[in-house]
Amino acid sequence: MRGFRDRDYLKTMEGYFFCIVGSVHPSDRVIAYLKYVPDPSGKWGRRNKRLRRALRNYTMHDLLETFKFLENHHAEYLYYSPVMGIKMSAVPLSKVLLHFKPEERLSQLAQMEKLDDLQRKVVDLVNLISDESGVPVESFGVTGSVLLDIHQNFSDIDLTVYGAKASKSVKETLKQIYNDPDSPIRRFDEKRIREWCLNKARMYPLTYEEAAKIFEKKWNRGLFRGTAFSIHPVKLEEENDERYGDRIFKPEGLIKIVATVSDASEADFLPSVYKVEDVKVIAGKNVRDISEVVSYEGLYGGLAEEGEKILCYGKLEGVTDRRVGRQYHRVLIGSKEAKGNDYIKPLMG
């Protein structure tokens, strides 16, 4: 049965729009961040129903601002998770008015006769990637403002692709397409790459050069007929073997490590998971059983392959896996404690 998936959206009674994070949720609520709220002068929406972005940028600072907003207006959307050991935003099932599913919206667009320019590009882009990769159109979806039908002419295209196998095929296909000068699907031009790197260096603890190195790995961002697009792999229900509460996480301070990636098969999903070995602690608690680095910051997804080294600064967590009775440590990127100063940086050699 289809559950709540990463990058689905929820609309609440108050007209708030939340974007779902990951696929592991408590039984009575859905972990999600606040993205849009009603505002008469907002830039998104249709006619007299206008919205503004509550989350301006995908950074910890801006996420915490949405927590403050919810605290002042609807504190029932804030939730202390005894499993994660943190306070987060999560929508109680009783408050869900609508559940927006990207694959359903894409299917609707494909059957509509009258499409605006952006909707037409969405359908054409998916058809083209589907034809080239052999991944059926049904394995794709459209998320973001197009999913909610609040997009404007300046909006980007945000696609989803469902399942590990389909995601891998799309990834390999796009890498090949970028080398075809005749394809309408292109990498960012130099001006856009420069803007992207400057922007990331301003918002994250990265130099311009480090941002550029990360961008080199960003297979899932490009241009289609002049419009920026992104593609986000999302797990299918049968690929997720974890239920909420299977693992308990305990904060143990901040840590900096260098490690070698031993398995990057889940690095393109959210959260991004890098299994690691040969871990050297540079600063922080000197533990010997760090076996994974996990990022909820989408920026750090898919930036290292097996055998490559990474430099990480983040929150050290003790993990108890109740399914197998195992205890170990992991480093988490995207925590309140790190205050936006955490990172994963690919290292040469």
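Before going into details, it helps to say that this report is about the structure given with it. (Residues numbered from 1 in each chain as written. Predicted model: local features only at pLDDT ≥ 70, side-chain atom pairs only at ≥ 80, totals over all residues. Heavy atoms only, no water.)

So, on to the overall build of the protein chain. Scanning the protein chain from terminus to terminus reveals seven helices and 19 strands. Taking 20 Å as the expected radius of gyration for a compact globule of 349 residues, we find that the protein chain reaches 20 Å, a close match to that expectation. In terms of overall dimensions, the protein chain has C-alpha extents of about 60 × 50 × 40 Å along its principal axes. Counting all 349 residues of the protein chain, 53% fall into the buried class. Accessible surface computed for the protein chain: about 16900 Å², of which carbon and sulfur atoms make up 49%. (Helix = DSSP H or I, 4+ residues; strand = E, 2+ residues; numbered from the N terminus. Rg over C-alpha atoms; globule rule 2.2 N^0.38 Å. Buried < 20%, exposed > 50% of the residue type's maximum accessible area, 1.4 Å probe, protein only. Areas by Shrake-Rupley, 256 points an atom, 1.4 Å probe, with all protein chains shown as cover.)

What follows concerns the packing of helix H3 (residues 117-133) against helix H5 (residues 164-177). Across the interface, H3 lies against H5 with an axial gap of 9 Å and an inter-helix angle of 100 degrees. If you check the angle between H3 and H5, you find them roughly perpendicular. Along its contact with H3, which presents Ile129, Glu132 and Ser133, the element H5 presents Ser169, Val170, Thr173, Leu174 and Ile177. Per-class residue counts for the contact of H3 with H5 are four nonpolar, three polar and one charged. (Axes fitted to C-alpha atoms, helices over the stretch in contact; angles between N-to-C directions. Parallel < 35°, antiparallel > 145°, perpendicular 65-115°, else oblique. Contact = heavy atoms within 4.5 Å. Nonpolar A, V, L, I, M, F, W, Y, C, P; charged D, E, K, R; others polar.)

Counting 35 residues, the largest nonpolar core has Tyr274, Val293, Tyr300, Ile310 and Ile344 as the members making the most contacts within it. Elements represented by at least two residues in this core include exactly helix H6 (190-203), helix H7 (208-216), strand E14 (247-266), strand E15 (272-283), strand E16 (290-295), strand E17 (309-321), strand E18 (326-333) and strand E19 (343-347). Among the elements that line this core, the one with the most residues is E14, at six residues. For Val293, the residues in contact, after removing those within four places along its chain, are Ile257, Ser272, Val273, Tyr274, Val276, Ile310, Cys312, Val331, Ile333 and Ile344. Residues Val146, Tyr178, Ile185 and Trp219 belong to the second largest nonpolar core, which totals 26 residues. (Core = buried A, V, L, I, M, F, W, Y, C linked by side-chain atoms within 4.5 Å.)

Okay, the environment of Ile255 next. Mapped onto the elements of the fold, Ile255 is located in strand E14. Its relative accessible area of 0% is what places Ile255 among the buried residues. Taking the C-alpha atoms as reference, Ile255 lies 6.6 Å from Lys285; in sequence the two are 30 residues apart. With residues near it in sequence (within four places) discarded, Ile255 still touches Val281, Ala283, Gly284, Lys285, Ile290, Cys312, Tyr313, Gly314, Leu316 and Val331.

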